[in-house]
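# Breakdown of the fold
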Protein chains: 2
Amino acid sequence: MTQAEQEVPHMTTIREVAQRVGVSAATVSRVVNGVPGFSELTRQRVLQAIDELGYEPDSLARGLKTSHSALLGVLAPAVSDALASQIMSGVESEARAHGHAVMLGRTGSGAELAVEYLRTLRAYRPAGVVLISTAITPEMRRAVGSRVPLVSVAIRKGNELPSVAIDDELAAYEGTMSLLRSGHRRIGLLAGDESSVLVNAPRERGYRRAMRAVGAKPLEERGNSLYESAIPALQRLWQRDPELTAIFALSDEMGAAAVNEAQRRGLRVPEDLSVLGFDDTPTSRHVHPPLSTVAQPLVPMGESAVRLLLGQGPRNQVLPHRIIARGSTGPTPMPPH
Amino acid sequence: MTQAEQEVPHMTTIREVAQRVGVSAATVSRVVNGVPGFSELTRQRVLQAIDELGYEPDSLARGLKTSHSALLGVLAPAVSDALASQIMSGVESEARAHGHAVMLGRTGSGAELAVEYLRTLRAYRPAGVVLISTAITPEMRRAVGSRVPLVSVAIRKGNELPSVAIDDELAAYEGTMSLLRSGHRRIGLLAGDESSVLVNAPRERGYRRAMRAVGAKPLEERGNSLYESAIPALQRLWQRDPELTAIFALSDEMGAAAVNEAQRRGLRVPEDLSVLGFDDTPTSRHVHPPLSTVAQPLVPMGESAVRLLLGQGPRNQVLPHRIIARGSTGPTPMPPH
DNA sequence: TTGTAGGCGTTATCAT
DNA sequence: ATGATAACGCCTACAA
């Protein structure tokens, strides 16, 4: 408060730090970046000056010089998407741990906006971009430039593009199996939107494979993964088979809707109807009984994606899923004779 | 460490565009930024060259030169916070509409991390920062520098600092009143954490004022706004008054928990017990019956915050709340005689 | 160990 | 209407 004029809140530069210590800007830069070439005494004095002046390197200038910023992009179908939020949470913390900041974007349900966002992102020369529930297309690659690594999370298209996901087919197979093992045979599937086929198709295959394995008849209706969409789909399921003893919903929101709707109709869950969800989002805990679900390790997936972008992980990662039994599943009310 | 030698995909610069058209970089810059000083013919040729070369201005260089970027910071208590997600959604879309990108950060439940994030943000010379559910402190102001505007959303401390919020006291008063008008007198309050006093204290005052206005006795227990915290708090409420006919939860998560817990205990909602939530997050729709709630216009609040930062709105904004009657509230089972 | 100088891509000032 | 030129703050050879 002695020498600082109050007028224009000038940002401290590296040169001012240098001047104060009586060294050149280059030396300060070396200290700041840990590049060898300074004495211990210099280091201490520089650090002290930095502290006193509250100096912080200008990321814009640094990025311009080095032609890359410590920015990571994250694109989600919607900013408020519950599943994406969990993944973003992992991305954010891991990015932070590596000294990176996170830029937020939105792809829209059909990835319409992705290219636009990637172009904006490119202008900031980010270290990488995480695409949540979105497949990488050639247009996206082009939009962001070939220098910026991309990774898809919670979705996978072959092993060509970098991705972090679970084995959806296997997870759905095992989820179905867990219901079958409890004695259920009439298991209705609440599938997701055809537009998110990369996630839903494998899950549907897993369900069918399990059903066929025991000679049970698959029964499927399609929603769009959201809560509201489940009610009419459920209705259609019940119309086609009023004796269903279990519902396998390919999203927790649809699972939650199934639990609520069943109870509304006077069915007890799980005594009269078992419901199994998918994803393990917080929604699964917001119904009663809490939703049993096929869990994806969403937060770790976000973390892994960041490590992959930063070059510290394999190009394709299949993380382990697991079946979590909460209160919404139980033995079949009428075991087959 | 080892990196294959491959052709470096050079980013197109303003000079290359200029060269192609046969003008100077300055002229291209003028066209790009709409600064007067070029002929119509030049404009068209520049635009065409930009298109052909896929030129995009480097935001880092631009920011360095102008000393401000088209970046907006958003800090939420947690990245996956449901209420914050809704606000972020509004922030993101409005920012985008104004040509700004969004940087994401986390304050932690007690704003411990806020200063650290703000320091990082400052290095990118953002146009402003939105603080969700977080009050602005002098430390924060200092961390981000006096050039960068801050705004609190969904929280308000007097009228000193910029903010966008509802009138929490009035909203809670009216919420309580709506229950009273349905005949309820024994209304238990599920309050939030003391650490988020800026939000909770006014709401609690509103509840008490309404109760006193009709001579009813306030009855309060405290959770931490999250789902799980509501169950023990509810228990305490019932212990203190087993005849409660309504619960007013100061968050939707606690409200959802109350609906579920009541039903688990064999109470019908709303026939035996009415439950009113607060905030109008998606959680309110994930229980059955769907939760009646005191709604904050979360998305518009995010949008307003951005406009305020960009200098297009008053420094303090009180947005309208409203009471939404869904299925979880109804007349009291035993009207007073 | 330390300093000097050049330039990253852009905008703004001053000429022409 | 347009061009040359000088920064913005930083990093990094290259010198010393």
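Rules of the game
Residues numbered from 1 in each chain as written. Chains lettered and ligands numbered in written order. Predicted model: local features only at pLDDT ≥ 70, side-chain atom pairs only at ≥ 80, totals over all residues. Heavy atoms only, no water. Near = heavy atom within 4 Å. Polar contact = N/O pair within 3.5 Å; in protein donor to acceptor, adjacent residues only side chain to side chain. Helix = DSSP H or I, 4+ residues; strand = E, 2+ residues; numbered from the N terminus. Nonpolar A, V, L, I, M, F, W, Y, C, P; charged D, E, K, R; others polar. Salt bridge = Lys/Arg side-chain N within 4 Å of Asp/Glu carboxyl O. Buried < 20%, exposed > 50% of the residue type's maximum accessible area, 1.4 Å probe, protein only. Least-squares fit on C-alpha atoms with pLDDT ≥ 70 in both. Contact = heavy atoms within 4.5 Å. UniProt positions renumbered as here; feature names shortened; annotations may be inferred. Pairing = 2+ DSSP bridges. Axes fitted to C-alpha atoms, helices over the stretch in contact; angles between N-to-C directions. Parallel < 35°, antiparallel > 145°, perpendicular 65-115°, else oblique. Left-handed = near helix turned anticlockwise from the far one by under 90°.

Chain A is annotated in an unreviewed UniProt entry as Catabolite control protein A from Zhihengliuella salsuginis.

## Observations regarding the protein's contact with DNA strand D
Taken together, 26 residues sit near DNA strand D, with I14, Y55 and R62 of chain A together with S24 and R30 of chain B positioned nearest. Across the atoms of DNA strand D situated within 4 Å of the protein, the share located in sugar and phosphate is 58%. In the model, a phosphate oxygen of DNA strand D is placed 2.6 Å from a nitrogen or oxygen of the S24 of chain B main chain. Measuring from a base oxygen of DNA strand D, one finds a side-chain N or O atom of R30 of chain B at 2.6 Å. Taken together, the elements giving at least two residues each to the surface near DNA strand D come down to α1 (14-21), α2 (25-33) and α4 (59-66) of chain A together with α2 (25-33) and α4 (59-66) of chain B. Per-class residue counts for the surface near DNA strand D are nine nonpolar, ten polar and seven charged.

## Some words on the pattern of salt bridges
Opposite charge on two side chains allows them to pair when their charged atoms are near. Residue and element names in this part refer to chain A. The tally for this structure, following the rule as stated, stands at 42 salt bridges over all chains. R203 is the partner of D168 in a salt bridge, and the nearest nitrogen-oxygen pair spans 2.8 Å. Remark: R203 occurs in helix α9 (residues 197-213) and D168 occurs in helix α8 (residues 168-181); sequence separation between them is 35 residues. Per residue, the accessibility class of D168 equals that of R203, and both read buried. Through salt bridges with shared partners, one network takes in E194, E204, R208, E220 and R222.

## Brief notes about the relation of the copies chain A and chain B
For the pair chain A and chain B, the relating rotation is 180°, the translation along its axis is 0.0 Å, and the fit reaches an RMSD of 0.1 Å. Accordingly, the operation relating the two chain copies is best matched by a two-fold axis. Comparing contact sets, 100% of the residues at the interface of chain A also lie at the interface in chain B, consistent with an isologous, same-surface contact.

## Some details on the UniProt feature "domain: HTH lacI-type" (unreviewed entry) in chain A
Taken from the UniProt record, the annotation "domain: HTH lacI-type" (unreviewed entry) applies to residues 12-66 of chain A. Along residues 12-66 of chain A, the helical share is 71% and the strand share 0%, with 20 Å between the first and last C-alpha atoms.

## Considering the sheet that holds strand β6 (residues 187-191) of chain A
All names here are of chain A. Strand order in the open sheet formed by six strands is β7-β6-β8-β9-β10-β12, with mixed pairing between adjacent strands. The two strands at the open ends of the sheet, each matched to only one other strand, are β7 (219-222) and β12 (322-324). Sheet twist, expressed as the average angle between the axes of neighbouring strands with direction ignored, equals 20°. Direction of pairing for strand β9 (residues 274-279) relative to strand β10 (residues 292-295): parallel, over a ladder of four bridges. Counted as the bridge partner of G277 is T293 from β10.

## Quick look at the packing of helix α5 (residues 82-97) of chain B against helix α12 (residues 298-309) of chain B
Residue and element names in this part refer to chain B. Here α5 crosses α12 at 45°, and the two axes come no closer than 7 Å. Looking at the two axes, α5 sits oblique to α12. Relative to α12, α5 is oriented so that their crossing is right-handed. Contact residues: L83, Q86, I87, G90, V91, S93, E94 and A95 in α5; L298, V299, G302, E303, V306 and R307 in α12. Class assignment of the residues belonging to the contact of α5 with α12 gives a composition of seven nonpolar, four polar and three charged.

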